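Structural overview
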Amino acid sequence: MLICSVAQAETHPPVEAFGSLPDIVQPKISPDGEHFAAIQSFGGKPAALIYKVGAPPGTLPVVIPSQDGVIESIFWAKSDRLVITVKSNERVMGDSRIRTWERTISVKPDGSGIVPLLKNYVSLPNNTDDAVVADSDLDDPDSIFIPLYTPNIVMKSPNEYYDPYEDFRLDLLKVNLETGEGHTFETGKYTTNQWIMDGHGHIVARVELMLHPLHEQLFVNHDGNWVLSGEYDASGDNGAGVAGLTVDGKSLVLLHQDSKSTISLIRHDLATGDENDVLYHNPDYDVMSPIRDEWTGRVIGAMVAADKFEYHFFDEAHQALQDGLEKVFPGTSVHATSLDRAEDKAIVAVQSPRLPPTYYFLDRKTHAATKILSAYPHLTEADLGEMKPYSYTARDGLRIPAYLTLPPGKTAKNLPTIIMPHGGPDARDIVGFDWWAQFLANRGYAVLQPNYRGSSGYGRKFTEAGLHQWGLKMQDDLTDGVKQLIADGIADPKRICIVGGSYGGYAALAGATFTPDLYACAMSFAGVSNLNEFIFQIRSDTGQDSQGYSFWTSRVGSDFDDHTKLKATSPELHADQVKCPILLMHGEGDTTVRIKQSELEYAALKAAGKDVQFIRFPGEDHYLDFADTRIRMLKELEKFLAAHIGT
């Protein structure tokens with residue numbers, strides 16, 4: 001029996017078992033419960049598949065392929081209309097930069113009647129995104145509401161200040177799902193930032209973004225009269241944080257940033273503007289996301305991430321369903337990810353570190369549950385490593401939450417080790433299935449995923465501890481994790497590699513550059529290498545007065561005021577300090593961290609005579625949308641690790 005267990009634990013599924021796109025994500029049931037749709041892998045790209053509930057075995061689903069773009073999301077607007085968002089990374093005439101464009105289409109459950117939305121709207125080409133839906137309107141079988149920027153005619157006298165932002169305003173359009181045509185429902189202003197509706201086609205409120213200084217104004221619609229109901233700092237990651245309406249429709253739900261505690265959900269009374277009622281608060285963890293009713297958009301609960309995702313509901317019925325699911329699937333992260341409008345049928349998502357996301361169709365009347373599909377069906381529990389919390393104390397006394405995944409069948413002693421900081425940095429890791437980390441564990445490596453200071457989910461003080469600390473205290477947190485692993489005898493000090501994507505890619509380069517004796521190798525996928533160049537690019541893309549620029553300067557620093565400090569913490573400018581081999585990988589279509597960042601790093605390392613490889617992925621963006629990219633990335637990483645810290 002022991003021999004069998006060890007043999008199973010040491011199996012090595014092919015790279016494709018980990019690197020192929022998930023077999024299923026985002027399953028959604030239609031309002032009438034007659035169909036469900038999901039995004040699934042089709043020819044190595046995401047496709048939308050539509051199934052008939054209760055169809056005879058062997059019945060094939062309707063397949064809507066990505067074609068020239070990438071299907072990013074789906075939702076049922078009506079029982080007979082699925083809305084699909086497709087993104088593509090392209091250049092437009094007169095602009096040398098690649099930009100991400102998102103467009104929506106509407107399709108019937110049988111695959112017929114495909115129409116692009118807003119196809120008649122002359123200003124659509126001025127919008128990179130038409131995928132934000134303000135309301136589906138349960139009482140109207142044909143329409144949804146989409147905000148869109150339209151030309152704004154501004155008359156100014158010769159001596160009057162002209163703001164280029166005034167060229168466009170954010171109107172609210174009513175869009176016919178059958179024809180795709182859109183028409184102005186409500187005219188906005190050039191300052192309009194958000195429209196809030198009630199699920200029945202009525203405008204409840206709007207948010208205006210004001211400049212100099214950045215702040216938001218919340219206006220409430222009182223019988224056609226717009227009344228100022230609140231003002232909020234909008235610099236950095238601040239803002240009104242309107243999540244939607246309460247179930248009774250009498251209040252807005254706001255994500256409230258508490259400077260001394262965690263992000264909570266509070267009630268903004270529409271009649272009085274009062275904000276003293278807390279709907280949900282956890283003293284240890286931020287609300288990561290409000291939970292909304294699929295069909296009304298009303299906020300019905302809150303999701304937090306402790307060690308795993310937790311789901312909390314305001315009403316007894318939804319909480320009873322959640323409690324029941326947790327009893328059936330103990331020790332997992334489980335929730336009803338989609339329900340029909342009557343809430344008689346549900347799709348349930350279940351996952352844990354050694355259980356890839358798996359979906360079940362639940363008939364709540366008969367209590368019958370049928371497995372739909374696993375996202376990674378070719379992986380078994382024996383292929384995957386145990387993941388457990390591994391918190392440690394940073395050098396300044398701050399407690400750093402972290403998670404350690406051990407290779408299956410291996411003792412936690414003197415292991416070749418991967419330090420894998422997450423991207424963001426406003427994100428976090430949890431105890432859950434991670435295809436990248438599990439691939440590395442399966443190949444024999446211990447994997448540490450630290451939630452370094454600045455990671456989201458742990459309250460305002462933890463976020464603020466990471467401000468302007470790229471390459472400094474945030475990097476120290478990773479270094480201190482390495483030292484703890486060595487002290488505990490888990491990591492072989494001569495076989496440690498740092499690996500990451502996006503911010504994690506920056507951290508990998510910073511680790512190899514600023515702690516050159518700590519790591520035997522480093523791999524960066526789509527990582528930042530020059531902080532001044534990164535911030536300058538954001539300013540060029542979004543404008544110096546934008547919320548985006550304000551957010552990133554709050555996190556990293558300003559390319560004006562902090563230029564010298566950012567130079568000191570830019571790996572590209574200190575390539576001569578690197579001692580270990582470095583592998584760079586980057587998508588040529590990346591619009592989040594442009595490939596120039598890896599090009600600069602590669603050129604600097606080559607000029608300094610360092611051991612460096614650079615792999616480019618044509619057509620790929622920041623998010624590893626294609627199976628071919630994921631598979632090659634893992635294969636190249638596997639070879640690289642085997643050569644430098646191999647098991």
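Source: prediction; values computed, not measured.

**Regarding the nonpolar core**
- Counting residues in hydrophobic clusters, the biggest one holds 57 residues, and the most contacted among them are Trp470 and Ile582.
- At 7 residues, the largest contribution of residues to this core is made by helix H7 (residues 503-514).

**Digging into the sheet that holds strand E11 (residues 182-186)**
- Across the sheet, which stays open at both edges, the 3 strands sit in the order E9-E10-E11 with antiparallel pairing between neighbours. Across the chains shown, the open sheet's two edge strands, defined by having one partner strand only, are strand E9 (143-151) and E11. Shown here is a sheet whose adjacent strand axes are inclined to one another by a mean of 45 degrees, direction ignored.
- Relative to E11, strand E10 (residues 168-176) runs antiparallel, the two being bridged by 4 bridges. Considered in E11, the bridge of Leu172 is made with Glu186.

**Description of the layout of surface pockets**
- By volume, the second largest pocket is sized at about 550 Å³.
- What lines the second largest pocket is a set of 28 residues, among which Asp237, Gly241, Leu255, Gln257 and Ile263 lie closest to the centre.
- Among the elements that line the lining of the second largest pocket, the one with the most residues is strand E20 (residues 287-292), at 5 residues.

**Describing the pattern of salt bridges**
- Taken as a whole, this structure holds 30 salt bridges when the rule is applied.
- In this structure, Asp480 and Arg395 form a salt bridge, with 2.8 Å as the shortest nitrogen-oxygen distance. Placement of the pair is Asp480 in helix H6 (residues 473-487) and Arg395 in the loop between strand E28 (392-393) and strand E29 (399-400), with a sequence separation of 85 residues.
- One salt-bridge network, in which partners are shared between bridges, spans Asp237, Asp426, Arg460, Glu464 and Arg555.

**Some details on the state of the cysteines**
- Taken as a whole and assessed by the stated rule, the structure comprises 1 disulfide.
- Disulfide pairing places Cys497 opposite Cys521 at an S-S distance of 2.5 Å. Because the sign of the S-S torsion sets the handedness, a value of about -135 degrees for the bond joining Cys497 and Cys521 places this disulfide among the left-handed ones. Remark: Cys521 occurs in strand E34 (residues 521-525) and Cys497 occurs in strand E33 (residues 491-501); sequence separation between them is 24 residues. In this structure, Cys497 and Cys521 share a single accessibility class: buried.
- The cysteine Cys580 is free of any disulfide, with Cys521 supplying the nearest cysteine sulfur at 6.5 Å.

**Some words on the packing of aromatic side chains**
- Inspection of the entire model under this criterion finds 20 aromatic pairs.
- Taken together, a centroid distance of 5.1 Å and an interplanar angle of 45 degrees make the contact between Trp470 and Tyr506 tilted. Here Tyr506 lies in helix H7 and Trp470 lies in the loop between helix H5 (460-464) and H6, a separation of 36 residues in the sequence.
- Judged by its relative accessible area of 0%, Tyr506 is buried.
- Geometrically, the ring pair formed by Phe534 and Trp552 is edge-to-face, given 5.4 Å between the ring centres and 80 degrees between the ring planes. Taken together, the positions of Phe534 in helix H8 (residues 531-542) and Trp552 in helix H9 (residues 547-555) put the pair 18 residues apart, joining distant regions of the chain.
- Here the aromatic cluster, defined as three or more aromatic residues joined through ring pairs, consists of Tyr452, Trp470, Tyr503, Tyr506, Phe534, Phe551 and Trp552.
- Its guanidinium or amino end placed over the ring of Phe219, Arg206 lies 4.8 Å from that ring's centre, counting from NZ or CZ.
- A cation over a ring is seen here: Arg206 above Trp226, with NZ or CZ 4.5 Å from the ring centre.

Reading the values: rules and limits
Sequence order sets the numbering: in each chain, residues are counted from 1 along the sequence as written. Thresholds applied to this predicted model are a pLDDT of at least 70 for local features of residues and 80 or more for the giving and counting of side-chain atom pairs; totals over whole chains, interfaces and linings are not thresholded and use all residues. Note: side-chain values were computed over all heavy atoms of the structure, leaving out hydrogens and water. We define the nonpolar core as a collection of buried residues of types Ala, Val, Leu, Ile, Met, Phe, Trp, Tyr and Cys that are connected through side-chain atoms lying within 4.5 Å of one another. Burial classification: accessible surface area is computed with a 1.4 Å probe over protein chains only, and a residue below 20% of its type maximum counts as buried, one above 50% as exposed, and the rest as partly exposed. Each helix is a run of DSSP H or I of at least 4 residues and each strand a run of E of at least 2, with the numbering of both proceeding from the N terminus. Strands pair, by our definition, only if DSSP identifies at least two bridges between them. Axes here mean lines fitted to C-alpha atoms, for a helix over just the part in contact, with angles spanning 0 to 180 degrees between N-to-C directions. Put simply, the grid is 1 Å and covers the protein atoms alone, a cavity is a trapped set of points that fit a 1.4 Å probe, a pocket is an open set with protein on both sides within 12 Å along at least five of seven lines, and lining residues have an atom within 4 Å of a point. Grid points are joined across faces, edges and corners, and a volume is the space filled by probe spheres set on the points. A carboxyl oxygen of Asp or Glu within 4 Å of a side-chain nitrogen of Lys or Arg is what we treat as a salt bridge. Disulfide assignment relies on a single distance test, namely cysteine sulfur atoms paired within 2.5 Å. The rule is short: rings of Phe, Tyr and Trp, with Trp giving its six-membered ring, pair when the centres are within 6.5 Å, and they are stacked under 30 degrees, edge-to-face over 60, tilted in between. Distance and angle both matter: a charge sits over a ring if NZ of Lys or CZ of Arg is within 6 Å of the ring centre and within 35 degrees of the ring normal.

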